[in-house]
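Reading the structure
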Amino acid sequence: ARNMAEDSAHYRNISSRPEEFWLERGTRLKGCALALYYYLIIRSSWDGKERHYYLKQNDVKKVVAARELGYSRQAITTAFQTLEKFGFISSWTNFRKEAYYKIPYPLSAQGVRKDVLDYLLTHFSEEPEVITFMGLIGAEHRNGAPPKSLTGLAILMGLDGNQQRNLNKIAKYIGVLKFYNFLDYKIEVLEKGGIKYNVICFTKVAVNGVPSSVPLDDKRTLEQVYEQELNEDGAAFFTKM
């Protein structure tokens with residue numbers, strides 16, 4: 001069968017176990033650095049023999065990246081320095097003196113369509129961890145993993161599951177992705193040791209393409225969508241969990 005995670009024309013590999021990918025390099029990307037990392041992956045090509053992505057450095061203009069991602073030029077410059085410092089990208093020059101960026105291949109990865117990554121990054125670049133979350137639940141759904149609570153999903157993301165703000169973040173991602181029809185779920189009740197608790201069973205995760213119902217011209221941030229469309233639903237969701 002065709003390995004969709006290596007289809008460089010359509011799919012991009014993103015870590016399906018984020019905590020392992022970040023710990024391997026000694027830091028956890030967030031904000032502008034994480035947005036830039038996905039920005040580079042989306043625009044790169046796959047080298048199946050050496051198992052990394054690559055793209056010409058001249059094809060990436062910092063001023064353009066800053067404008068498209070909604071960050072300052074200085075923030076993008078600092079983000080490049082962070083990616084290089086921790087080995088998320090490295091520079092390489094071929095015999096023609098052409099400079100390239102090499103992006104290492106995550107050891108644990110889930111194939112997600114390039115247009116899905118592009119859509120999420122274009123619309124929600126201020127919270128690029130939603131892309132990491134999409135890859136994670138895509139892997140969970142594809143592999144038939146058992147349903148998990150908000151706490152369990154936070155831990156899978158490499159977050160402290162005991163902090164309410166991290167649970168809020170996971171609930172927000174679920175709510176917004178469901179609102180845009182990227183996923184669907186149902187709540188199940190499990191019992192362990194006489195204790196009943198609620199878990200989330202994902203019934204749909206659209207890693208294979210942007211749903212046709214998704215509004216392409218919605219300019220709101222992820223936070224704005226959540227507050228304006230899902231605030232009450234989000235509260236009800238927490239009550240159930």
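Okay, so let's go over this structure. (Residues numbered from 1 in each chain as written. Predicted model: local features only at pLDDT ≥ 70, side-chain atom pairs only at ≥ 80, totals over all residues. Heavy atoms only, no water.)

1. A closer look at the sheet that holds strand β4 (residues 90–93)
In spatial order, the strands read β2-β3-β5-β4; together these 4 strands make up an open sheet with antiparallel pairing. Each end of this open sheet is capped by a strand with a single partner; those strands are β2 (45–47) and β4. Within this sheet the neighbouring strands show an average axis-to-axis angle of 40 degrees, counted without direction. Here β4 pairs with strand β5 (residues 99–104) via 4 bridges, running antiparallel. Opposite Thr93, over in β5, you have Ala99 as the bridge partner. The strands that helix α2 (residues 31–43) touches are β2, β3 (52–56) and β5; relative to β5, the one it contacts most, it runs at about 110 degrees. (Pairing = 2+ DSSP bridges. Helix = DSSP H or I, 4+ residues; strand = E, 2+ residues; numbered from the N terminus. Axes fitted to C-alpha atoms, helices over the stretch in contact; angles between N-to-C directions. Contact = heavy atoms within 4.5 Å.)

2. Considering the packing of aromatic side chains
Per the stated rule, a full pass over the model turns up 11 aromatic pairs. Between Tyr37 and Tyr38 the ring centres are 5.6 Å apart and the planes differ by 55 degrees, which places this aromatic pair in the tilted class. Given the relative accessible area of 3%, Tyr38 is considered buried. With 6.4 Å between their ring centres and 70 degrees between their planes, Tyr119 and Tyr180 make a pair best called edge-to-face. In this pair, Tyr119 sits in helix α5 (residues 114–123) while Tyr180 sits in the loop between α8 (164–179) and β7 (183–192), placing the two residues 61 residues apart along the sequence. (Phe/Tyr/Trp six-rings, centres within 6.5 Å; stacked < 30°, edge-to-face > 60°. Buried < 20%, exposed > 50% of the residue type's maximum accessible area, 1.4 Å probe, protein only.)

3. Some thoughts on the environment of Lys172
Locating Lys172 in the fold gives a position in helix α8. Distance in space between the C-alpha atoms of Lys172 and Glu227 is 9.2 Å, their sequence separation being 55 residues. If we ignore the near neighbours within four places in the chain, the residues touching Lys172 are Glu127, Leu222, Glu223 and Tyr226. Of the polar contacts made by the side chain of Lys172, one reaches the side chain of Glu223; its length is 2.6 Å. (Polar contact = N/O pair within 3.5 Å; in protein donor to acceptor, adjacent residues only side chain to side chain.)

4. Re the nonpolar core
Grouped together as the largest cluster of nonpolar side chains are 67 residues, with contacts concentrated most on Leu40, Phe133, Leu153 and Phe182. Top element by residues in this core is α2. It accounts for 11 residues. (Core = buried A, V, L, I, M, F, W, Y, C linked by side-chain atoms within 4.5 Å.)

5. Concerning the layout of surface pockets
The volume enclosed by the second largest pocket comes to roughly 160 Å³. Looking at side-chain class alone, the lining of the second largest pocket contains 2 nonpolar, 4 polar and 4 charged residues. (1 Å grid on protein atoms, 1.4 Å probe; cavity = no way out; pocket = protein on both sides within 12 Å on 5 of 7 lines; lining within 4 Å. Points joined across faces, edges and corners; volume = space filled by probe spheres on them. Nonpolar A, V, L, I, M, F, W, Y, C, P; charged D, E, K, R; others polar.)

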